[in-house]
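Structure at a glance
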Amino acid sequence: MKKTSNINIEQVFDHLASVKKVEPSKDLYFKTKNAIKNQKTIPLFWVIAAACFLIAIVGVEFYTFSSKKNTFNQEISIVFPETNNILYHE
Amino acid sequence: MIFDEIYFEHHKMVLNIALQYVQNMEDAEEITQDVFIKVSKNIHTFKQNSSVKTWIYRITINQSLDFLKAKNSKKSNFLSSIFSLNDIKLKIEPTTFNHPGIELEQKEAYKKIFEAINQLSDNQKTVIILLKIEDKSQSETAEIMNLSIKALESLFQRAKKNLDILLNKKDNYEKNV
């Protein structure tokens, strides 16, 4: 029984040895070259994207801060009108 | 060493090894691309402790095994999210069998053999592929796998035994081969 099983596994190995080698397609080289090229450009793209995002955030923050400051000043001047501390009838 | 030189010298070998792991051309080409991306990245840091060929063999084997693991973990995550199968261990095997090195009329018989090989552990699978499909010598295989000849022999015996068990479980195997 065991002998039959061993013969089978040897037959399996004979079959595996007859698996034919496959020729790669010609465009695989160009695909690989493109993949390598894309690998190098992606980080640069993300660096630029991240920098733009940061600049946009800082710009928006600066704009909202300055506009808030203006409205705050206007509100204060309504509540407390400014005086120039000059006596008119000196 | 120039990348193109390395590519044209080894691309056929890389594709064919990847093909024995994934058994379809699309995945094998994807692995080949990934292997040469790694080669291009590390070509300048490659220390000549081993030959370039052995180095590329190792990258190809690791890349193929990682590819299968990634593919199966995606599949198992998807299935477990649907059926809550967290504790069920899914079999690691390629999804499609479309090996271009096998003739159409023998496809079913070979599919069964490769299904059994796919169930072996990573090292056992690799030893069968290198010794029996790629027809590498024991010393070459031992160098690629970073094992002693003795360790390789014992690994091969275990792989052979397990493959025998797996194949004999299948009722139709003898009819088809």
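What counts and how
- Residues numbered from 1 in each chain as written.
- Chains lettered and ligands numbered in written order.
- Predicted model: local features only at pLDDT ≥ 70, side-chain atom pairs only at ≥ 80, totals over all residues.
- pLDDT = per-residue confidence, 0-100.
- Contact = placed C-beta atoms within 7 Å.
- Core = buried A, V, L, I, M, F, W, Y, C linked by C-beta atoms within 7 Å.
- Buried ≥ 20, exposed ≤ 12 C-beta atoms within 10 Å, placed from the backbone.
- Helix = DSSP H or I, 4+ residues; strand = E, 2+ residues; numbered from the N terminus.
- Domains from an automatic or database assignment.
- Nonpolar A, V, L, I, M, F, W, Y, C, P; charged D, E, K, R; others polar.
- Bend = angle between axes of the 7 residues up to and from the residue.

Our next topic: the confidence of the model for chain A. Mean pLDDT over chain A stands at 80; residues scoring 70 or higher make up 82%. Across residues 1–7 of chain A, confidence stays below pLDDT 50; counting only partners more than four residues off in sequence or on other chains, it has two contacts.

Membership of the largest hydrophobic core comes to 41 residues, with the highest contact counts inside it found for A18, V22, I113, V127 and I128 of chain B. Broken down by secondary-structure element, the contributors of at least two residues to this core are α1 (2–17) of chain A together with α1 (3–22), α2 (25–42), α3 (52–83), α4 (107–118), α5 (122–133), α6 (138–145) and α7 (149–169) of chain B. Sorting elements by how many residues they give to this core places α1 of chain B first, with eight residues. Taken domain by domain, the makeup of this core includes at least three residues from each of domain 1 (1–97) and domain 2 (102–177) of chain B. In contact with I113 of chain B, not counting residues within four places along its chain, are V12, H15 and L16 of chain A.

Residue-level contacts link 22 residues of chain A with 27 residues of chain B. At the level of elements, α1 and α2 (28–79) of chain A are the ones that each hand at least two residues to the side of chain A that touches chain B. Ranked by the residues each element gives to the side of chain A that touches chain B, the list is headed by α1 of chain A, at nine residues. The residue inventory of the side of chain A that touches chain B, partitioned by class, reads twelve nonpolar, six polar and four charged.

Right, let's get into the domain arrangement of chain B. By a frequent convention, interface size equals the accessible area lost on bringing the separate parts together. Residues and elements named next belong to chain B. In terms of domain boundaries, chain B breaks down into domain 1 (1–97) and domain 2 (102–177). At the interface, 13 residues of domain 1 touch twelve residues of domain 2. Elements with a minimum of two residues in the side of domain 1 that touches domain 2: α1 and α3. With five residues, the top contributor of residues to the side of domain 1 that touches domain 2 is α3. A breakdown of the residues in the side of domain 1 that touches domain 2 according to their chemical character gives seven nonpolar, three polar and three charged.

In this section: the environment of N62 of chain B. Residue and element names in this part refer to chain B. Among the secondary structure elements, N62 is positioned in helix α3. Owing to 14 C-beta atoms within 10 Å, N62 belongs among the partly exposed residues under this scheme. Sequence separation between N62 and I129 is 67 residues, and the spatial gap between their C-alpha atoms is 13 Å.

Attention now goes to α1 of chain B. Residues and elements named next belong to chain B. Taken as a whole, α1 carries its principal kink of about 50° at H10. For α1, the full list of buried residues reads Y7, H10, V14, L15, N16, I17, A18, L19, Q20, Y21 and V22. Following α1 by one or two positions, Q23 has its phi on the positive side, about 55°.

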